[in-house]
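In case you want the letters, here they are:
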Amino acid sequence: MTMIRILIVVALQSAALAYMIVDRQAMLNAGRVVTLKVAPIDPRDIFRGDYVILSYDISRLEPAKLQGDDKFEYGQTVYVTLVREGEVWNAAAVAKDKPVALQGGVPLRGSVQSFETGDGGITTSLTVSYGIESYFVPEGTGRALEDERQKGGLSIDVAIDAQGRGAIKALRRGGQVFYVEGVF
Amino acid sequence: MRPPFYVRQLKIDLEAWIAKGLVPAESRDEILASVGAGRSAGRLETILAVFGVILVGAGVLSFVGANWAAMTKPTRLLVLFGSMWLAYALAIWFTARGRELIGQAFVLLGVILFGSNIWFVAQTYNINSHYPDGTLLWGAGALAAAFLVPSRAALAAAMAIGAYWTWQETMEFRQPIHLEFLVFWALGAALAGFLNWRPGIHLAALALIFWFAISFEGLQAMLGWSDVEILTIYVLIPLAVWSACQIFEAGPNGLRVTIGHYAFFAFLVAFAVLHLPDTRPEGPASTWLGFAVAMSAVSLAAVIASLQRKGSTGVDVAGTLFACLATIGYVMTVRGNSDALDIPWLVCTLIVILWSISRGARMDDRFVINWSTVAFGLWVLYAYFELFAGLMDQAVFFTVGGILLIALALGLENLRRSLVAGPKPTATSS
C-alpha cells in the first residue's frame with residue numbers, strides 16, 4: 001500500500017516537472033515569432049553567476065507615445081502590442097485588460113515593475129518585465145555574450161503563444177541566428 | 001503520546017508514589033505505556049537518517065552543479081529525474097523491509113530533489129516567469145507527499161517551503177496581503193492534526209505567526225491605519241484567541257494548549273512593544289475603534305465563558321478587561337510620535353505581566369509562567385536602561401515597585417490561607 005502511495009507521489013511530481021518542459025516547448029512552437037533588439041545595460045550589474053541579464057527597447061515604455069491606457073500600477077499585467085519595424089519589432093500600444101488590436105500587431109504579456117507618474121496620475125514612464133529578461137548560458141561563455149550585447153549587435157527571437165506569453169526561442173548575432181532553444 | 005518532559009517527570013513521580021505505596025509497582029509499565037513512554041526509541045535513528053539525506057541531497061546538488069555545463073540536456077534530465085526516482089525507490093525499499101524511519105528520510109530526500117529539479121528545469125529551459133510560483137509548486141509537491149505517503153518529514157518541509165513562498169510574495173513582490181497562503185497553511189495545519197503530530201502543529205502555528213508578522217505593511221496599506229493602530233491587531237486578536245482557548249478542555253493532541261501558547265506569546269510581545277511605533281497626530285481612525293471594541297468584546301465573552309473551567313477566575317476577567325481598555329485607551333490618547341505615555345504604558349505592561357504569571361500559576365501552565373517571567377526580566381532591563389536619566393529616579397521607581405509587589409504577594413498569600421482554612425467553626429453552647 002505504501003509503495004502505491006509513494007508511486008503516486010513520484011508520478012505527480014514527475015508530471016509537474018514534465019509539464020514545465022512540455023509547456024515551454026509548446027510556447028516555442030507557437031506560430032508567432034518576433035525579433036527584439038537587446039539594449040545595452042550597465043555592465044557592472046549585468047553578469048551574475050552563469051546567466052546574463054537582458055534588457056530590451058520595449059522594457060521601458062512611455063505610454064504617452066503609445067496607443068492604449070495611460071494609468072498603471074505596480075505588479076499589474078499589461079499587454080504590449082508589437083509591430084514590425086524593419087528587422088526588429090517595437091512597441092506600438094500598451095494596455096491593461098486586453099491588448100490593443102493593430103494591423104499586423106502581436107501582443108506580448110508582461111507585468112509592471114516600476115512606473116513614474118506626472119500630473120493627474122498619468123503614467124509618464126513604465127518598466128515592464130516579460131519573463132525573458134535573463135538567459136542561462138554555459139559557464140565561461142557569458143562574457144562574450146555580454147560584449148556582443150554592449151556593442152549593440154545582439155537580438156533575440158521571442159516565441160509568443162496565444163495568451164501572449166513570451167519565451168526566448170533563438171539568439172542572433174549581427175542578425176544571424178547562432179543558438180536555437182529546443183527540448184534536447 | 002505525551003510530551004517527553006511530561007513522561008520524564010511521570011517516571012520520577014511514579015517511583016516516588018510506588019515507594020510510598022500510593023501506586024502498585026505492577027501498574028508502572030501500564031501507566032507509562034498509556035502516555036507513550038518508550039516509543040521514542042527510534043529518535044536517534046530518525047535524526048541521523050534525516051541528517052544523512054540532507055547531506056546526500058547537498059552532494060547530489062553539488063555534483064549536478066559541478067558538471068552542469070558539461071552535460072547535454074538529455075543527460076541533465078536523466079540525472080534530475082533519476083536522482084528523484086532513486087530517492088523514492090529507496091523509500092519504498094526501506095519501508096517494505098520494516099525500516100519506516102529510514103524510508104521517511106528518503107521521502108524527504110525525494111521532496112528536496114523535487115524542489116531542486118524545479119529550479120534546474122527552469123534554468124535548463126530558460127523559464128523566467130514569476131519565480132514564487134516555482135516555490136508554490138515545490139510546496140504543493142511536499143504537501144502531496146505528506147498526505148499520500150503519509151510523511152511527517154514532508155509535512156515539516158511543506159510548512160517551511162510555504163513560509164518561504166509567502167515571504168517571496170509579500171516582501172519581494174510587495175503583494176499587499178498574501179491571502180493565498182492561508183489556503184496552503186490550512187491544508188498543512190489540517191494534515192498536522194490528521195497525523196496527530198505535535199511538532200507539526202507547532203510548525204503550523206509558527207508559520208501562521210510568521211505570515212501574520214510579515215503582513216504588517218499589507219494590513220496598513222489595506223486599512224489605512226497608523227503603525228500603532230495596526231499593532232493593536234497583533235495585541236487584540238491573539239488575546240481573543242488565547243481567551244477562546246481557555247473555554248475548551250485540552251484534547252489528547254494538545255492542539256488547544258499549543259494554539260493558546262502561541263497566541264499568548266504573540267499577545268505579550270505585541271502588548272509590550274505597543275508604545276514604540278508612531279500614531280497619527282489627529283488620533284485613531286474611526287474604523288479602528290470599531291475593530292478594537294469588537295475584538296475586546298470577543299475576548300471578554302470568551303474569558304467569561306471559560307469561568308466554568310477550573311483555573312479561570314474573576315482575576316482573568318479583570319486582567320482581560322484591563323488589557324483591552326489599556327490598549328484602546330493608549331491609542332485614543334497618544335498623538336504623533338509622543339513618548340509622554342511611555343511611563344504609564346510601562347506600568348500597564350507590568351500589570352499585564354503579573355496577571356499573566358497569575359493566570360499561568362492558576363492554570364498550572366509552565367509555558368505562560370516561564371515566558372511571563374522572561375517578560376518581567378526584560379521589562380526591568382528596559383526600564384533600567386531606557387526610561388530614567390538619573391540614578392535617583394531609578395532608585396525610587398524600583399524601590400516603590402518592589403515594595404508594591406511584596407505587598408501584593410503577602411496579600412495574595414493571606415487570601416490563599418484564608419480560603420484554604422475555610423470558615424471558622426461557630427461556638428456552640430452546651
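This structure is a prediction, so every number in the text was calculated from the model and none was measured. (Residues numbered from 1 in each chain as written. Chains lettered and ligands numbered in written order. Predicted model: local features only at pLDDT ≥ 70, side-chain atom pairs only at ≥ 80, totals over all residues.)

Colleague: Please explain the overall build of chain B as it appears in this structure.
Modeller: Looking only at helices and strands, chain B has 17 helices and 0 strands in total. With the principal axes as the frame, chain B shows a C-alpha extent of 100 × 70 × 40 Å. Looking at chain B as a whole, 35% of its 430 residues are labelled buried. Put simply, 69% of the contacts in chain B that link residues at least 6 apart link residues at least 24 apart. (Helix = DSSP H or I, 4+ residues; strand = E, 2+ residues; numbered from the N terminus. Buried ≥ 20, exposed ≤ 12 C-beta atoms within 10 Å, placed from the backbone. Contact = placed C-beta atoms within 7 Å.)

Colleague: What should I look at first to understand the sheet that holds strand β12 (residues 154–160) of chain A in this one?
Modeller: Hydrogen bonds between backbone atoms are what pair the strands of a sheet, whose relative direction is either parallel or antiparallel. Residue and element names in this part refer to chain A. Pairing within the open sheet is antiparallel, and its 5 strands lie in the order β4-β1-β12-β13-β14. With one partner strand each, in any of the chains shown, β4 (55–56) and β14 (176–180) form the two edges of the open sheet. Where strand β1 (residues 32–39) lies against β12, 6 bridges are found, and the strand directions are antiparallel. Bridging across to β12, V34 finds its partner in V158. Its contacts with the sheet put helix α1 (residues 2–28) on β12 and β13 (166–173), and the angle it makes with β13 is roughly 60 degrees. (Pairing = 2+ DSSP bridges. Axes fitted to C-alpha atoms, helices over the stretch in contact; angles between N-to-C directions.)

Colleague: It is not clear to me how the interface of chain B and chain A should be interpreted in this structure. Could you clarify?
Modeller: Where interface size is given, it is often the accessible area lost as the parts come together that is meant. Counting residues at the interface gives 30 residues for chain B, matched by 28 residues for chain A. Every element with two or more residues in the side of chain B that touches chain A is listed here: α4 (73–96), α5 (100–124) and α6 (132–148) of chain B. With 10 residues, the top contributor of residues to the side of chain B that touches chain A is α4(B).

Colleague: Help me out: how do you make sense of α6(B) in this one?
Modeller: Along an α-helix, a turn takes 3.6 residues, which lines up residues three or four apart on a common side. Across its 17 residues, α6(B) extends 24 Å between first and last C-alpha, which sits within 8% of the 24 Å expected from 1.5 Å per residue. Residues T135(B), L136(B), L137(B), W138(B), G139(B), G141(B), A142(B), L143(B), A145(B), A146(B) and F147(B) constitute the buried set of α6(B). (Expected span 1.5 Å × (residues − 1).)

Colleague: Explain unusual backbone geometry here, please?
Modeller: Working note: non-glycine residues mostly have negative phi, and peptide bonds are mostly trans. All names here are of chain B. A cis amide bond links V149 with the next residue in sequence, P150, at an omega value of -15 degrees. Within the secondary structure, P150 sits in the loop between α6 and α7 (152–172). We note that N196 has phi near 55 degrees; this positive angle belongs to a residue other than glycine. If you check the backbone angles, D364 has positive phi at about 55 degrees while not being a glycine. Structurally, the position occupied by D364 is in the loop between α15 (342–362) and α16 (366–387). For D364, a count of 10 C-beta atoms within 10 Å puts it in the exposed group.

Colleague: Help me out: how do you make sense of the confidence of the model for chain B in this one?
Modeller: Low-confidence regions, as indicated by low pLDDT, have predicted coordinates that should not be scrutinised in detail. Residue and element names in this part refer to chain B. In this model, chain B carries an average pLDDT of 84, and 90% of its residues clear a pLDDT of 70 or more. Ranking the elements of chain B by mean pLDDT puts helix α17 (residues 391–421) last, at 73, and α6 first, at 96. The ipTM, which scores confidence in the relative placement of chains, is 0.84 for this predicted complex, and the corresponding pTM is 0.80. (pLDDT = per-residue confidence, 0-100.)

Colleague: Can you help me understand the sheet that holds strand β10 (residues 123–129) of chain A in this one?
Modeller: All names here are of chain A. Strand order in this open sheet of 6 strands is β5-β10-β9-β7-β8-β6, and the pairing throughout is mixed. Strands with a single pairing partner mark the edges of an open sheet, and in this sheet they are β5 (60–61) and β6 (67–68). Relative to strand β8 (residues 88–95), β6 runs parallel, the two sharing 2 bridges. Directly across from Q67, in β8, lies its bridge partner A93.

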